[in-house]
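Report on the structure
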Amino acid sequence: MQPKTTEQDQKSHRYLDVVGVTKSFKGTVVMDQMNFRVAKGELVSLLGPSGCGKTTLLRIIAGLLEANTGDIVLGGRNVSSLPAHKRNISVVFQNYALFPHLTVAENVAFGLRARGMSSADVKAPVADVLALVRMDSFADRPVSALSGGQQQRVAVARALVVSPDLLLLDEPFSALDRKLRETMQIELKALLRSRGITAIFVTHDQEEAMGVSDRIAVMSNGKIEQFAEPSVLYAQPASPFVMDFVGLSTRMSGRVTAQADGIATVETGVGAVRAHAGYTVGTMVQVGVRPELITPDPSAEMNQIKVQLNDVMTLGSKTVLHGISSGEDKFLCELSGIRTGYARGETVTWGWAVADTLIHEVAA
Amino acid sequence: MNARSDRIALLAVPGLAFLAVIYALPLLLLLFKSIQGVDGLTLVTYIDFFSDEFNRTVLWRTLRVALLTTLLALVIAYPTAFAMARAKGIWLTVFLVALVLPMSLGVIVKAFAWSILFRSNGFINTTLQTLGITDEPVRMLFTETALVIGAANVFLPFMVLPIYSVIRQLNSSLPEAASSLGATPWFRFTRVTLPLSLPGVVAGSAFTFSLAISMYVIPSLIVGERQQTLSMLIARSFLYLRNEPLGSTISAVLLVIAIFVVLFSSWLAGRLGARQ
């Protein structure tokens, strides 16, 4: 379901080329033959639940962890055998890892000093980058006196001042409260874009990934399930895992009972559902639909299911109807604005366009 | 301070009372004795003590031995503490046992074991001669060198453990952040790990120096009467010379040095801590 890519795209995506990376810990393979490409200037997220291997991949790219096999090629240079300090890849750590014994300015200057610049020569670039993240008035403060958002700005400044070939960010927003997080996301994205930085975010938060990245690699069990633009991930998830992990959905399992004219008919616990697909009759599938595409007032040619309401949540900008789930089948409908007239326990009919149906084969 | 933390402060009362009666009170009596003359208070014992060249030699030797012991222990302890902080599972246990077990072995046993090692027909001299490095046995027993080596050995755990606990608590992403910023292992060590481990170094050095400056059993056994230290002078004054004012005076001198070490190390630790 990924969008078609031309040969030109393939080439331009090759700024960072992770080729056949395999990693095992104590005999357990956590990453098998990973391939992963990023274009120059692209903002990419590795998205997945904890333990999916996203941090492992980030650490391997940074050189903080050694892969068993495979290559990391950055800007045409194979950096696989280089130690972290020779890769020119900056990392923003989850806890920011600011040096507690140094001031804000000294923290930012660290990478330049490590490259042999004198303390006089680092003054100008440090001041510039601190101004960029609006932390110039804090230059001489100890880092322990900073708030979470300020610490993050310093960590970003410290990572950017050395003009890295690649910036890696490990859950950079997870230590911030929700409101601050959104502000920082917008700020950071603008900053990275303006400087043309190629960056990879590691996150378990799908909203964050969709907010900051051009493309998202959804990971599970050491594999990339799908690597695509946020809109494609949402509208055309490649697997039940992606559909579940990215966004919310109404979904139910069933069996294909008829296949004709490019339309599969699936018998589910709540009625027959049609989808644009080609399966042999008898195949076990999961069908689903995004909750905002569901209407409580369906027309005849739509898919229709009967759902008993479990809860009605009035959220202001939208009203969310929860149906009673059964097993893995979940029922969720989002209506814009405030809607009244729904009662818990009531059975309602939901419908959606056949073309909006998502369908994936599942193990029987 | 709210009422609750005031009540919690009461928990320190038993400890403070114990220290006051068993430590502070006898010490004050001792100090009083050092300035108690036949008719009123006097500093004559102090003047006598410092005007005697032998005493000044002993004082200087005591300070020198304590300093060298601290330095030797630090040089050996720092890499050890580093390795321990990185050790896991069984290896950490091995390290800790190797460090703590010798403490349970009395100093007397160790001292006699060393004399087998250090004496003129001992293991080291035999080895040196067999290898042809020396013709004559090297005199090691009853020397200051042997004393420093022995003392550093006994006090090593007091240097290793504080440094170990500080390095152990270092955020492991700090050296990683340094590497990703382009720092070579040496730059990373000198600019990040070493400065952050200094509080442990200060604490360990203060422990070791305080112990080394007041040690009595180790020098008595290793160097005997030939190379006396302040503690041995104190013991001699009280036990053999029955000169309580002299013994009290030397004790006071030792106490002043100890207080200075404690204050200096707290100041240093505070200064290092303030930056973090």
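Residues numbered from 1 in each chain as written. Chains lettered and ligands numbered in written order. Predicted model: local features only at pLDDT ≥ 70, side-chain atom pairs only at ≥ 80, totals over all residues. Heavy atoms only, no water.

1. A closer look at helix H6 (residues 178–195) of chain A
All names here are of chain A. Between its first and last C-alpha atoms H6 spans 26 Å; for 18 residues at 1.5 Å apiece the expected length is 26 Å, and the two agree. The set of residues buried in H6 consists of Arg 181, Met 184, Gln 185, Leu 188, Leu 191 and Leu 192. Looking straight down H6, one finds that the buried residues subtend no more than 145° of arc, so they occupy a single side. Seen from the open side of H6, the exposed residues pointing more than 90 degrees away from its buried face are Lys 179, Ile 186 and Ser 194. If you follow the buried residues of H6, they end up packed against strand E3 (43–47), helix H4 (123–132), helix H5 (148–160), strand E7 (166–170), strand E8 (199–203) and helix H7 (206–212). Positioned one or two residues after H6, Gly 196 has a phi angle of 65°, which is positive. (Helix = DSSP H or I, 4+ residues; strand = E, 2+ residues; numbered from the N terminus. Expected span 1.5 Å × (residues − 1). Buried < 20%, exposed > 50% of the residue type's maximum accessible area, 1.4 Å probe, protein only. Arc of directions from axis to C-beta. Contact = heavy atoms within 4.5 Å.)

2. Some words on the domain arrangement of chain A
All names here are of chain A. Here chain A is described as being made up of domain 1 (7–241) and domain 2 (248–361). One C-alpha centre belongs to domain 1, the other to domain 2; they are set 38 Å apart. Facing 7 residues of domain 1, the contacting portion of domain 2 comprises 5 residues. Here domain 1 and domain 2 share an interface that buries about 560 Å² over both sides, 52% of which is from carbon and sulfur atoms. Together, Tyr 234, Pro 237 and Pro 240 form the three largest contributors to the area buried by domain 1 at its contact with domain 2, with a combined 82%. Seen at the junction of domain 1 and domain 2, the total is 0 salt bridges. Across the domain 1-domain 2 interface, the total number found is 3 residue pairs in polar contact (both at pLDDT 80 or more). Ranked by the residues each element gives to the side of domain 1 that touches domain 2, the list is headed by helix H8 (residues 230–235), at 3 residues. Residues of the side of domain 1 that touches domain 2, tallied by class, amount to 6 nonpolar, 1 polar and no charged. (Domains from an automatic or database assignment. Buried area = accessible area lost by both parts, 1.4 Å probe. Salt bridge = Lys/Arg side-chain N within 4 Å of Asp/Glu carboxyl O. Polar contact = N/O pair within 3.5 Å; in protein donor to acceptor, adjacent residues only side chain to side chain. Nonpolar A, V, L, I, M, F, W, Y, C, P; charged D, E, K, R; others polar.)

3. A look at the nonpolar core
All names here are of chain A. Counting residues in each nonpolar core, the largest one holds 45 residues, and the members touching the most others are Leu 16, Phe 36 and Ile 61. Take this core: its biggest share by element is 5 residues, from helix H2 (residues 54–62). In this view, Leu 16 contacts Phe 36, Arg 37, Val 38, Ile 61, Ile 72, Val 73, Leu 74, Leu 166 and Ile 200; residues no more than four positions away in its chain are not counted. (Core = buried A, V, L, I, M, F, W, Y, C linked by side-chain atoms within 4.5 Å.)

4. Thoughts on the sheet that holds strand E1 (residues 16–25) of chain A
Strand pairing in a sheet takes place through backbone hydrogen bonds and is either antiparallel or parallel in direction. Residue and element names in this part refer to chain A. Read from one edge of the open sheet, 4 strands run E2-E1-E4-E5, paired in antiparallel fashion. The two strands at the open ends of the sheet, each matched to only one other strand, are strand E2 (28–38) and strand E5 (77–78). Inspection of the sheet shows strand E4 (residues 69–74) paired to E5 by 2 bridges, in the antiparallel sense. By the bridge assignment, Val 73 is partnered in E5 with Asn 78. Where H2 meets the sheet, it contacts E1, E2 and E4, and its direction lies at approximately 115° from that of E1. (Pairing = 2+ DSSP bridges. Axes fitted to C-alpha atoms, helices over the stretch in contact; angles between N-to-C directions.)

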